[in-house]
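One-letter residues, chain by chain:
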Number of protein chains: 2
Amino acid sequence: MRIAILGGGNGAHACAAHLALKGHQVNMFELPQFESNIEAVIERGGIEISGSVISGFAKLNKVTTNIAEAIDDVELIMQVVPAFGHRKFAETCIPYLKDGQYVVLNPGNGSSLEWYKILKDSAVKKDVKIAETHSLTYACRLQNPGHVQVNHACPKVWFAAMPSKDTSEMLALFKELYPSAVAAKNVLEAFFLNGNPIHHPTGTILNAGRIEYVYGHLQGNLYKTGTDFYMYREGLTPSVVRVAEALDEERLAICRALDLSEITTIEKLYEDGFSVTPDGKPYPNLYEAYHSEVFCGPHASKGPTSLKSRYITEDIPYGLVTWASIGEMLGIKTPTMHALIHLASILNKTDYWKEGRTAEKLGITHMTIDQLKKYLEMGEE
Amino acid sequence: MRIAILGGGNGAHACAAHLALKGHQVNMFELPQFESNIEAVIERGGIEISGSVISGFAKLNKVTTNIAEAIDDVELIMQVVPAFGHRKFAETCIPYLKDGQYVVLNPGNGSSLEWYKILKDSAVKKDVKIAETHSLTYACRLQNPGHVQVNHACPKVWFAAMPSKDTSEMLALFKELYPSAVAAKNVLEAFFLNGNPIHHPTGTILNAGRIEYVYGHLQGNLYKTGTDFYMYREGLTPSVVRVAEALDEERLAICRALDLSEITTIEKLYEDGFSVTPDGKPYPNLYEAYHSEVFCGPHASKGPTSLKSRYITEDIPYGLVTWASIGEMLGIKTPTMHALIHLASILNKTDYWKEGRTAEKLGITHMTIDQLKKYLEMGEE
């Protein structure tokens, strides 16, 4: 397949390298102002990939900061960037899209709704289809420029198009890349299956003092350095996990109102392969799920090392804010989401309600539940 | 003066010992079910006091669990118990009060409003006057049974009667004990000058994981022990202090609506002698005030060591809940108070809104601002 990967971070490197080594023709694009992210890839013409999923040097077809060139003759455009970059990449792409192309946001965080709206409102009318995944397809990290380590591939990727009447057509193609992908009911079902807004803000905010005391020196403050912080192992204590459980209940209440699958975060962590008991089952509670081998074993990741981490700066404005504002339009109370959004805003001197991707920005606040369900399915109000 | 001290904790020991050594005739009372708190004092007939305020062995007049005996012929009854004990002590006292006696709640947390209401609603009518202080008059800690260490006496005690038309009469007597006491406009002014609900919940909740991870073993959980936690030094980092500042702004907005003094927490910490610069001034900001010698020097106290600490179990239900519910009746938004109350409720599996001393329980929710002001001054609606 001819694919363009948009983005220059961990995830984009992993996707480009993995898919190229699997035999696809892959272009890679980064915005000109972030060219340094892909300099090493441009120089070598490809990406080195290592880890448990696949290993080797993946030669790419093109590596460029020219969007027209990147997406010119591809079948699939896969955008692999943090949520706060989605709008910028959408605006960059749209003038150069061609009829019949597919765009997949990996992961989406509901932003295919925003993409869809931008496309619809755009003067340039293109017959392009859009979909998103529930989560990034890999757990990965750049080791050094042009070398990505991939330790985990998401075993079950939920996938939905906006509108969902296009899902089966798009999924047929997407499964050539990720055979284990399954259809979500619609893009909101996929979005509400993202577990990050449940654990990341909880573990960070309820350890805010710990993180800033230990790592403040990295930000130029003169603190004593303490011991490193391992969020899952040390920060997600039984009482703290109760806050994550409260968030999960609020999330499930919204899913219920929208007739979406009510899959708990415990089940989702199991499905994603992060929290599996030694005999292959889900853990009995969220505390044990967060304290499983992947999160807390000897290879567990440190961090976050700052309150400006994406655990806050992405998962609050493009996670809890979006969810809570959808809850609000449906008349569902989300006091725990509100509490964390409010505290994060103060901690980081940022109005995340204003900065975040609200239901308003997704263009859906004026709809009733039935209108919203119809819009998600048919793309028409 | 003939005084009865009610209570058997740190503060009650400090008050009884200090006032007895100053030459007053002091009785000490504890509820029968907590007799063990005063066993050592009963045995020795008095209290040993040490520290920077006064030292020696203070002989008491009576030490008893019999309330009638304790308050029989005293002029002043001073209740020195945590806020959650106020109602129990009120109900214990009321049948045995005598006309002309004074009751002082040290500190009050607004509970003289509750006392006043209980007295008014009681079948037993007594001509008794009630007042409260803004803060406990000492920083103290029991060293061992019957021995209290007092490291700090509050240099300026704000004092108000309920209703405040009685303040000057009661203050005249109270100043015989604490010459530096000054009149607050009314009991709510005194209550809103208590700084604990500003720093205690903030520093505890935003370090919840840290506290539980380090001290969980004390509660029978099998955590690794980390390093001790010093809340002011390690937990009140610049971002965390912004949450305390937001609480302080909400508190001041309520003070403004009620025409109470708008004294900031920085000024209050200075007045209380906790945060004074080497040249005798208030610190320029709250972060520096919390990082002053008293809080962060070599003699700084450790803790809290549990999320069930009074930093939560007293300062949420008898601090932020009361303030936020008064804000609510005045139409003032207190989102930061709400966020902390909500998270504390989840962390401790306790509905602090239900358990706490709300404006409703103080008997004032049906009043307009003008009616409330009149009630605080005259005691009549």
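Keep in mind the model is a prediction, meaning the values are calculated, not measured.

(A) Here's a closer look at the environment of A:Ile316. All names here are of chain A. By secondary structure assignment, the location of Ile316 is in helix H16 (residues 316-329). Residue Ile316 is classed as buried on the basis of its relative accessible area of 0%. With 221 residues separating them along the chain, Ile316 and Pro95 place their C-alpha atoms 30 Å apart. When residues no more than four places from it in sequence are discounted, the contact partners of Ile316 are Pro201, Ile205, Val321, Leu340, Ile341, Ala344 and Tyr352.

(B) How the structure looks around the sheet that holds strand S3 (residues 46-51) of chain A. Residues and elements named next belong to chain A. Ordered in space as S4-S3-S10-S9, the 4 strands form an open sheet in which the pairing is mixed. What marks the edges here is a single partner per strand, and that holds for strand S4 (56-59) and strand S9 (138-144). With strand direction ignored, the average angle separating the axes of adjacent strands in the sheet is 30°. In this fold helix H1 (residues 10-21) packs onto S3, S4, S9 and strand S10 (147-153), with an angle of close to 100° to the strand it touches most, S9.

(C) How the structure looks around the interface of chain B and chain A. With 32 residues of chain B at the interface, the matching set in chain A holds 32 residues. Together, the buried faces of chain B and chain A total about 2,600 Å²; carbon and sulfur atoms form 65% of this surface. There are 0 salt bridges connecting chain B and chain A. The tally of links from chain B across to chain A stands at 18 residue pairs in polar contact (both at pLDDT 80 or more). The greatest single-element share of the side of chain B that touches chain A, amounting to 8 residues, is contributed by helix H17 (residues 335-347) of chain B. Partitioning the side of chain B that touches chain A into residue classes produces 17 nonpolar, 8 polar and 7 charged.

(D) The sheet that holds strand S2 (residues 25-29) of chain B, seen in detail. Residue and element names in this part refer to chain B. Taken together, the 8 strands give an open sheet; going across it, the order is S5-S2-S1-S6-S7-S8-S11-S12, and neighbouring strands pair in mixed fashion. Taken across any chain shown, the strands that pair with only one partner, and hence form the sheet edges, are strand S5 (62-64) and strand S12 (182-183). Two elements, strand S11 (residues 158-162) and S12, share 2 bridges in a ladder whose sense is parallel. Note on S12: the bridge partner recorded for Phe159 is Ala183. Along the sheet, helix H4 (residues 86-93) contacts strand S1 (2-6), S2 and strand S6 (76-79); its crossing angle with S6, the most-contacted strand, is approximately 155°. Helix H6 (residues 167-174) contacts S6, strand S7 (102-105), strand S8 (129-133), S11 and S12 of the sheet and is inclined by roughly 130° relative to S11.

Analysis parameters
Residues numbered from 1 in each chain as written. Chains lettered and ligands numbered in written order. Predicted model: local features only at pLDDT ≥ 70, side-chain atom pairs only at ≥ 80, totals over all residues. Heavy atoms only, no water. Helix = DSSP H or I, 4+ residues; strand = E, 2+ residues; numbered from the N terminus. Buried < 20%, exposed > 50% of the residue type's maximum accessible area, 1.4 Å probe, protein only. Contact = heavy atoms within 4.5 Å. Pairing = 2+ DSSP bridges. Axes fitted to C-alpha atoms, helices over the stretch in contact; angles between N-to-C directions. Buried area = accessible area lost by both parts, 1.4 Å probe. Salt bridge = Lys/Arg side-chain N within 4 Å of Asp/Glu carboxyl O. Polar contact = N/O pair within 3.5 Å; in protein donor to acceptor, adjacent residues only side chain to side chain. Nonpolar A, V, L, I, M, F, W, Y, C, P; charged D, E, K, R; others polar.

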